[in-house]
Amino acid sequence: MSAALVIAQSGGFVRERGGDASCVANDGFCPTWIADNLDRYWTPLLEHLYLVVVSVGIGFAIAFSLGLLAHRQRWLIAPLTGVTSALYTIPSIAMFFLLQPLLGRGNAPAIVGLAIYTQVIIFRNVITGLANVPGEMVDAASGMGMTKNQRLFRVEVPLAVPEILAGLRIAVATTVGLAAFAAFAGAGGLGQKLIVASLITFKSNVVVAGGMVTLLAAALDLAVLGFQRLLTPWRRAVAA
Amino acid sequence: MGESSGRSSAETIEFRDVTKQYPGGSEPAVDGLSLEVPAGEICVLVGPSGCGKTTAMRMVNRMIDMTSGDILLGGRSVRDRKPEELRREIGYVIQQIGLFPHRTIADNISTVPSLLGWSKARMSERADELLELVGLPREMRDRYPSQLSGGQRQRVGVARALAVDPPVMLMDEPFGAIDPINRERLQNEFLRLQAELRKTIVFVTHDIDEAIKMGDRIAVMQVGGKLAQFAPPAELLMAPASPFVEDFVGADRALKRLALQRVRDIDLWTVATCRTGEPTAGVRERTAEADLDIALLVDEHQRPVGWLSERGLTGERIRSELRSPADPVVDLDDILRDALSDLLASESMYGPVVGAQGEVVGVLSMQVISQAVGSAPSEVPGATELAASEHVNGAGDATGPDEE
């Protein structure tokens, strides 16, 4: 019912101002309209960015902690993988509606939902990243007198950074896409411009909103990649 | 500077009836091992795979906990120590070296110092000191392990193990991953280092030749974790305690013994030397008294020129054209095995031995060598003594920066 409600809200926004009137009337791709109305997309873009950064941030903190815990308590790996995978299979629109009775409408259910989707991706990469640390590193670290925690944070986690951040990149890209559906939970973001009936048929709008989602995903991916290079200078060291 | 430049004294390592039984294992991995490694010596644990040598070594720093028995370091049981604290006092070198790829060479070397909370300045100073000790240029300190060759990484591994100057070191096939040419070189370098540092070392290998070369004492272990023999290399080769040991040291054990002695360690034959133009009468007399019945023609610096032929002694005076080449010329510092090889290569039964200035000091013959092979083990020096004499004589392999 809420979906119907959202879709029914027809913005006067489309034909309000600017652009080639006949092109806009035909729901066409109108560069002049885009030029005149681009400023209306900045707020949704920033809202979208906010949703992604906050939900991935929270999601990463939880999944990373669970990964470290399961690395130490191996028996936790199977159940945690099962639970996070099961959560990942819930359709996103359903997820955003399901969370509303608990969290109301707005950013809260959106962020919680998005954070849930990041779990399986990040958790698995943390676990495999730590498992792939060569045995001799672990042996050398212990043999020189590191405690389990020292070994984890001085050797194992740094060596797993490439795989952990590879997971983070997938999580970011996925979340940027999924965040478009956060509008169903009543949150802001570019999704608002994509799920309203009168807007989704308007090509100019779809190109701008959709294009911004894609560009945002690409920009955030580059940001994580840059962060990874910053954290792993040793991977770029070439034989002298 | 305290312990960063001073040398902590080595400690004895004593295995007392040490047994390791893995749960579910039919026989113990190590069975009642008792042996004592005197302070400052290298004890090599050698044996076929599955003999428990690595398990025995890893029980010293409690990477594996023993089932029964005890291991004492300097008289103190390892059981009474917290494993992490114990390990920080024991140098640890493994076959794969296990340098941390995400840390620079200096940071790798500083692993244990940083665990012990040393100051940055002190760690940095110690890292420079250790790079110099293992023969690596100081510029290496800011490189990453992936930028170094295998041999350089191995040296860093040793430097890292020596960082806090531990009295005891454990080395598990430390040269196992190095190609044969560089292995030989790194072994020699390590022996020279050890001659200086005098750590108590437990060294694991499956290679009997490496064991003979590196060990002051060798513990041969056999499958089932039993100690087959514990003896200095020469004794092991002279008097194997069982058919297993005899088989393990190999059919060429007499030849292997030759690698343990230098020409200077054995009694050489005397020889009469003569110069061109000298009256033959005196030379004939001296030749009769010498061990070798042929006279050696030498130049004014007593350097060998050639063997005088029989006809050369018949005339009035010695004539230089009546000689045959004095090949091979053996150096006093040569290892007996190499000297024998030279004799065989020249199809000669004997050769003149020269000292540091090239002057003749005697003659090495096949007979002398075979007597040396039969000599008592006590006359044969240990690995570190051999390396130390090499160091003093400067006759060792080059210590150039690197290879590959």
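Residues numbered from 1 in each chain as written. Chains lettered and ligands numbered in written order. Predicted model: local features only at pLDDT ≥ 70, side-chain atom pairs only at ≥ 80, totals over all residues. Heavy atoms only, no water.

### A short note on the overall build of chain B
Inference 1: Looking only at helices and strands, one finds 15 helices and 17 strands in chain B.
Inference 2: Overall, the C-alpha framework of chain B stretches about 85 × 50 × 35 Å when taken along its three principal axes.
Inference 3: Counting over 404 residues, chain B shows a buried share of 54%.
Inference 4: Taking as baseline every contact in chain B between residues at least 6 positions apart, the subset at least 24 positions apart corresponds to 65%.
Inference 5: Measuring between centres, the 44 positive side-chain charges of chain B sit 6 Å from its 63 negative side-chain charges. (Helix = DSSP H or I, 4+ residues; strand = E, 2+ residues; numbered from the N terminus. Buried < 20%, exposed > 50% of the residue type's maximum accessible area, 1.4 Å probe, protein only. Contact = heavy atoms within 4.5 Å. Lys, Arg positive; Asp, Glu negative; His and termini not counted. Charge placed at Lys NZ, Arg CZ, Asp CG, Glu CD.)

### Notes on the state of the cysteines
Residue and element names in this part refer to chain B.
Inference 1: Applying the stated criterion across every chain, the model contains zero disulfides over all chains.
Inference 2: Cys43 takes part in no disulfide bond, and the closest cysteine sulfur to it belongs to Cys51, at a distance of 12 Å.
Inference 3: With relative accessibility at 1%, the residue Cys43 sits in the buried group. (Disulfide = S-S within 2.5 Å.)

### Some points on the sheet that holds strand β7 (residues 168-172) of chain B
All names here are of chain B.
Inference 1: Pairing is mixed across the open sheet formed by six strands, whose spatial order is β6-β7-β8-β3-β9-β10. Either end of the sheet is taken by a strand with one partner, and the two such strands are β6 (90-93) and β10 (226-231). Sheet twist, expressed as the average angle between the axes of neighbouring strands with direction ignored, equals 15°.
Inference 2: Bridge count for strand β9 (residues 217-222) against β10 is five bridges, and the pairing is antiparallel. For Ala219, the partnering residue across the bridge sits in β10 and is Phe230. (Pairing = 2+ DSSP bridges. Axes fitted to C-alpha atoms, helices over the stretch in contact; angles between N-to-C directions.)

### Concerning the environment of B:Thr12
Residue and element names in this part refer to chain B.
Inference 1: By the secondary structure assignment, Thr12 is in the segment before β1 (13-20).
Inference 2: Here Thr12 falls in the partly exposed class, since its relative accessible area comes to 27%.
Inference 3: Separated by 24 residues in sequence, Thr12 and Glu36 have C-alpha atoms that sit 7.1 Å apart.
Inference 4: Not counting residues up to four positions away in its chain, the partners in contact with Thr12 are Glu36, Val37, Pro38, Ala39, Leu72, Leu73, Gly74 and Gly75.

### Let's talk about the pattern of salt bridges
Close approach of charged atoms allows side chains with opposite charge to pair.
Residue and element names in this part refer to chain B.
Inference 1: A complete count under the given rule lists 24 salt bridges over all chains for this structure.
Inference 2: A salt bridge links Arg81 to Glu89; the shortest N-O distance between them is 3.0 Å.
Inference 3: With a relative accessible area of 13%, Arg81 lands in the buried category.
Inference 4: Taking relative accessible area as the criterion, Glu89 reaches 38% and is therefore assigned partly exposed.
Inference 5: Across the pair Lys256 and Asp252 runs a salt bridge whose closest N-O atoms are separated by 2.9 Å.
Inference 6: Residues joined in a network through salt bridges with shared partners are Asp128, Glu132, Arg138, Arg141 and Asp142. (Salt bridge = Lys/Arg side-chain N within 4 Å of Asp/Glu carboxyl O.)

### Re the packing of aromatic side chains
Inference 1: Taken as a whole and judged by the stated rule, the model has nine aromatic pairs over all chains.
Inference 2: Geometrically, the ring pair formed by A:Trp33 and A:Phe202 is edge-to-face, given 4.8 Å between the ring centres and 75° between the ring planes. Residue A:Trp33 is found in helix α4 (residues 31-37), and its partner A:Phe202 is found in the loop between α12 (197-200) and α13 (203-231); the two are separated by 169 residues along the sequence.
Inference 3: Judged by relative accessible area, which is 0%, A:Trp33 ranks as buried.
Inference 4: Classification of A:Phe202 as buried rests on a relative accessible area of 0%.
Inference 5: Ring centres of B:Phe175 and B:Phe190 lie 6.4 Å apart, and the angle between their planes is 65°; on these two criteria the pair is classed as edge-to-face. Taken together, the residues span a long stretch of sequence, with B:Phe175 in the loop between β7 and α7 (180-197) and B:Phe190 in helix α7 at a distance of 15 residues. Across the pair, exposure class does not vary: B:Phe175 and B:Phe190 are buried alike.
Inference 6: Among the aromatic residues, ring-to-ring pairing joins A:Phe97, A:Phe181 and A:Phe184 into one connected group. (Phe/Tyr/Trp six-rings, centres within 6.5 Å; stacked < 30°, edge-to-face > 60°.)

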